[in-house]
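Reading the structure
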Amino acid sequence: MLNLKSAHHVAIICSDYSVSKKFYTEVLGLQIISEVFREERQSYKLDLKVGDDFQIELFSFPAPPARVSRPEACGLRHLAFRCDDIDAAVSALLKHGIEAEPVRIDEITGKRFTFFSDPDQLPIELYES
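By the naming in an unreviewed UniProt entry, the protein chain goes by VOC family protein and is assigned to Arcticibacter tournemirensis.

What follows is the structure in structure tokens.
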């Protein structure tokens, strides 16, 4: 068992950052946690609070493709689950024949994370809390 705790965030890549930011903050009323412009990617990352324990990450990228593709396209990017021990979770996945990408460190938070895919190739992230 992976012993998942809860969903952590959903990441969405938008085609028009200012329109999407306005929608999520003014229409849906989500609170801004942080907003970062990543110069090397020419990309914004906007973290939005959903309730007490969930987030939406809103990304912009120059000219993203219009269809869902991996990793960065308009629409759903990935589903993320928080876990206590990423190494144990990756080991549990391997026992089921599922390989995860190498564990990386989030450049903004310093937290460890990795990705694997569901049967339909939807990217799923494990995020160590």
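Let's pick the thread back up.
For strand β6 (residues 104-105) and strand β7 (residues 112-117), the ladder comprises 2 bridges, and the chain directions are antiparallel. For R104, the partnering residue across the bridge sits in β7 and is F113. If you look at the hairpin formed by β6 and β7, you'll find 6 residues sitting between the two strands, and G110 has a positive phi there, around 80°.

Okay, the sheet that holds strand β5 (residues 75-83) next. Strands sit in the order β2-β3-β4-β1-β5-β8-β7-β6 across an open sheet of 8 strands; the sheet is mixed. Two strands lie at the open edges of the sheet, namely β2 (31-38) and β6, each paired on one side alone. Pairing of β2 with strand β3 (residues 43-50) involves 7 bridges; the strand directions are antiparallel. For S34, the partnering residue across the bridge sits in β3 and is D47. The strands touched by helix α2 (residues 86-95) are β5, β7 and β8 (123-128); relative to β7, the strand with the most contacts, the crossing angle is about 15°.

With that settled, the discussion passes to the environment of L4. Tracing the chain through its elements places L4 in the segment before β1 (6-14). Distance in space between the C-alpha atoms of L4 and P65 is 32 Å, their sequence separation being 61 residues.

What follows deals with the environment of V36. Mapped onto the fold, V36 is located in strand β2. For V36, a relative accessible area of 27% puts it in the partly exposed group. Remark: the alpha-carbon pair of V36 and D47, spanning 11 residues in sequence, is separated by 8.7 Å. Those residues in contact with V36, other than ones at most four positions away along the chain, are S43, Y44, K45 and I108.

Criteria and cut-off values
Residues numbered from 1 in each chain as written. Predicted model: local features only at pLDDT ≥ 70, side-chain atom pairs only at ≥ 80, totals over all residues. Heavy atoms only, no water. Pairing = 2+ DSSP bridges. Helix = DSSP H or I, 4+ residues; strand = E, 2+ residues; numbered from the N terminus. Contact = heavy atoms within 4.5 Å. Axes fitted to C-alpha atoms, helices over the stretch in contact; angles between N-to-C directions. Buried < 20%, exposed > 50% of the residue type's maximum accessible area, 1.4 Å probe, protein only.

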